[in-house]
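# Chain and residue survey
Spelled out from the first residue to the last, the chains are:
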Amino acid sequence: MYQLRSLVLLLAAISGRGLAAIGPSADLTISNSNISPDGFTRSAVLAGGTFPGPVIQGTKGGQFSINVINSLTDTSLDLGTSIHWHGLFQQHTNYVDGAVSVTQCPIVPNNSFLYDFNANNQAGTYWYHSHYRNQYCDGLRGALVIYDPDDPQAGLYDVDDESTIITLADWYHYLSTNAPAVPAFNSTLINGKGRYPGGPDSVDLAIINVTAGKRYRFRLVSISCDPNFTFSIDGHQLTIIEVDGTNVQPLVVDSIQIFAAQRYSFVLNANQPVDNYWVRSLPPGQGYTGLINLAVLRYDGAPSANPTTDPTTNIPVSQLPLVETNLHVLRFMRPRPSASLTAYIQPGNPTPGGADININLAIAISGAQFTVNDVAFDPPSVPVLLQILSGAKNASDLVPAGSLYALEPNKSVELTIPALAIAGPHPIHLHGHTFYVVRSAGNSSYNWDNPVLRDVVSIGGTGDLVTIRFFTDNPGPWFLHCHIDWHLNAGLAVVMAEDVPDVPTQDITSDAWNDLCPTYNTFVNTTGHL
């Protein structure tokens, strides 16, 4: 009997990442449904029928095969779709990066597309979302985790499974297809639950369960379309051990300002008295009246009730806020998709402008659009990758003109991005790479020795000059854009056209990918829907 019980426990442990998790091989159906995560009912675009979508999980070095099935029917919303696997390099698989107008055409209703790729040496906390128009603001977003059986920080925690994933989202009571000129979210959702100002107080808050004496690796994922959040848990410190898929030296903080699309793993030691504690996710300019922007950390044995403290008056003052310049890579690695190196390789000379390729990206507003170096990104009808595979040999042959930047292979690249305070801070994301942040927002000095390595960075406010470095060792067109989704679709984007001549031999597309654009064009011409 003891042996049978041990076997049952072993099997439960192996499969215990969570009943709702899927992957690394699975069907993922995209459909419409009416949901009310904050008490207000509206039509949404859902992955797997839930918000957030199901956790997709895999193991370091494993293959992902996610068959995305478009079952969308609500004509008041966009009917095409795509999935971007945020933070994954897609080495030699640029065509499944999921960025509509850059690497693919949309998947149309009653069709499917197989995203088949290997994450190679990557492990950590990622996420997935639609990369078509503003569709992910309507609900198509979820967490993706790649577990490392040889995690060098495994000794710091006891629990790491689906129950320790925390998603932070903004939610809108209007459709993205009917958004105002300056969209404003209605509520903050923590793990898909929350309340809005003036809304019903019957809506349950998310509960995060812990057991006293255990250490938890929480994976904090911002699946936000717009706001940043300051995250904290009353009475507890947080030890950050991972940033955007990169292990970092443990850093103790008591609050984390997290921008759209960023991720942090932190260890929480459940060493406080058994009770309920407020979990706070505070967007700029808001508070907690009506129990908005809150969830509950509940110790086993605590009452099934909200914390007894008033969250509007008993607001902890952060003594150890996260400062980006205090984050340092655990093991210095060259930021390259195919890296097997164990030593740090400096991306360029240790001086401003000391890379092989140096580009300044000046962001501005012109009317209702954002521009980068005086050009607003205008999505081409033919994806950039298809243009390259159709014979374009140089970045100068590609459209949209003015938004393409040619990058030679095996070069260090420095991007400087002066802050635009209007509608900011702007979180900038580069597909296909991680990058070193050699100058962070709020800081005038440079770190050439041990800068943080990530894939989304806030460019800060007036006077900031955020500077990043990376290597060109991943051929393909890679999107660089603001991850406030409304801003991306108002022009705040460019494409890094990396090693264009070698793309046709490095990124071999599938027959199904080749069919996407003709099928989409026929659908639009026949139905008039996007």
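Attention in this report is confined to the structure presented alongside it. (Residues numbered from 1 in each chain as written. Predicted model: local features only at pLDDT ≥ 70, side-chain atom pairs only at ≥ 80, totals over all residues. Heavy atoms only, no water.)

So, on to the pairing of strand β1 (residues 25-35). Where β1 and strand β4 (residues 63-70) come together, six bridges link them in parallel fashion. Paired with A26 across the two strands is I66, which belongs to β4. The hairpin formed by β1 and strand β2 (residues 42-47) contains six residues between the paired strands, and G39 there has a positive phi angle of roughly 100°. (Pairing = 2+ DSSP bridges. Helix = DSSP H or I, 4+ residues; strand = E, 2+ residues; numbered from the N terminus.)

In total, this model carries two disulfides according to the counting rule given. One disulfide bridge connects C137 with C225, the sulfur atoms lying 2.2 Å from each other. For the disulfide bridge between C137 and C225, the dihedral angle about the S-S bond is near -115°, and by the sign convention the bridge is left-handed. Taken together, the residues span a long stretch of sequence, with C137 in the loop between β7 (124-129) and β8 (141-147) and C225 in the loop between β12 (215-222) and β13 (229-233) at a distance of 88 residues. Just as C137 is buried, C225 falls in that class too. Disulfide partners in the protein, listed by the sequence order of the bonded cysteines, are 1-4, 2-3. (Disulfide = S-S within 2.5 Å. Buried < 20%, exposed > 50% of the residue type's maximum accessible area, 1.4 Å probe, protein only.)

Here we come to the nonpolar core. Among the nonpolar cores identified, the biggest contains 86 residues, and I240, I256 and F266 are the most heavily contacted of them. The biggest single contributor to this core is strand β9 (residues 165-171), with five residues. Not counting residues up to four positions away in its chain, the partners in contact with I240 are V248, Q249, P250, L251, V253, I256, Y264, S265, F266, L322 and L327. Residues L28, I66, L140 and C517 belong to the second largest nonpolar core, which totals 55 residues. (Core = buried A, V, L, I, M, F, W, Y, C linked by side-chain atoms within 4.5 Å. Contact = heavy atoms within 4.5 Å.)

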